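Observations on the three-dimensional arrangement
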Amino acid sequence: MGSSFFFSADQPNGAFWPFSTGQLADAVTRLWPGSTTGGGRAGALEMDIHVNGRTLTFAWDVAHQVLSFPDQEPLAEPARIVHRLLRELAPDVPAVWWTEYDATPEPVDLSPDPEIFLREFVG
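Right, let's walk through the structure included here. (Residues numbered from 1 in each chain as written. Predicted model: local features only at pLDDT ≥ 70, side-chain atom pairs only at ≥ 80, totals over all residues. Heavy atoms only, no water.)

**Looking at the nonpolar core**
If you look at the biggest cluster of nonpolar residues, it comprises 37 residues, and the most contacted ones within it are Phe7, Trp17, Leu24, Met47, Phe58, Leu85 and Phe121. Considering every element that reaches this core, the biggest residue donor is helix α2 (residues 76-89), with 6 residues. Those residues in contact with leucine 24 that lie beyond four places of it in its chain are Phe19, Leu45, Met47, Trp60, Leu85 and Leu89. (Core = buried A, V, L, I, M, F, W, Y, C linked by side-chain atoms within 4.5 Å. Buried < 20%, exposed > 50% of the residue type's maximum accessible area, 1.4 Å probe, protein only. Helix = DSSP H or I, 4+ residues; strand = E, 2+ residues; numbered from the N terminus. Contact = heavy atoms within 4.5 Å.)

**Describing helix α1 (residues 21-31)**
All of the buried residues in α1 are Leu24, Ala25, Ala27, Val28 and Leu31. Down the axis of α1, the sector holding all buried residues measures 160°, keeping them to one side. (Arc of directions from axis to C-beta.)

**Looking at the packing of α2 against helix α3 (residues 114-122)**
Where α2 contacts α3, the axes come no closer than 10 Å and their chain directions differ by 130°. Taken together, the axes of α2 and α3 lie oblique to each other. In the packing of α2 onto α3, the handedness of the crossing is right-handed. Across the interface between the two elements, Ala76, Ala79, Arg80 and His83 of α2 pack against Pro114, Glu115, Phe117, Leu118, Phe121 and Val122 of α3. Among the residues making up the contact of α2 with α3, the classes are represented as 7 nonpolar, 1 polar and 2 charged. (Axes fitted to C-alpha atoms, helices over the stretch in contact; angles between N-to-C directions. Parallel < 35°, antiparallel > 145°, perpendicular 65-115°, else oblique. Left-handed = near helix turned anticlockwise from the far one by under 90°. Nonpolar A, V, L, I, M, F, W, Y, C, P; charged D, E, K, R; others polar.)

**Regarding the packing of α1 against α2**
Where α1 meets α2, the closest approach of the two axes is 11 Å, and the angle between their N-to-C directions is 120°. In terms of their interaxial angle, α1 and α2 are classed as oblique. By crossing handedness, the relation of α1 to α2 is classed as right-handed. Between α1 and α2, the contacting residues are Gln23, Leu24, Ala27, Val28, Arg30 and Leu31 on the first element and Arg84, Leu85, Glu88 and Leu89 on the second.

Structure follows, in structure tokens:
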């Protein structure tokens with residue numbers, strides 16, 4: 001597709017992430033040993049997450065508290081990473097996702113079973 005996917009707390013409805021950028025970086029390196037986090041562009045935390053022999057790229061927009069990743073086929077692995085991170089850091093916070101080609105926010109299902117989220121996200 002060549003697009004990017006974005007995730008945030010459902011801010012229009014009053015939801016905000018309860019974690020800091022440092023806590024996000026710590027979770028990434030703890031959950032996926034060998035992964036790296038660091039500065040990239042101004043105001044962003046760049047993350048290279050190593051999982052199942054792949055390196056998946058994510059970014060965290062510090063000011064807007066938005067987690068994003070570029071289209072990385074197959075989408076199931078980056079989706080699992082997002083689900084695990086949000087379950088770890090903000091399991092009770094209403095969240096939404098959207099793409100850059102369709103900015104319509106869709107709810108994120110953070111139920112304990114990641115397969116439910118995968119079915120809704122990946123289709």
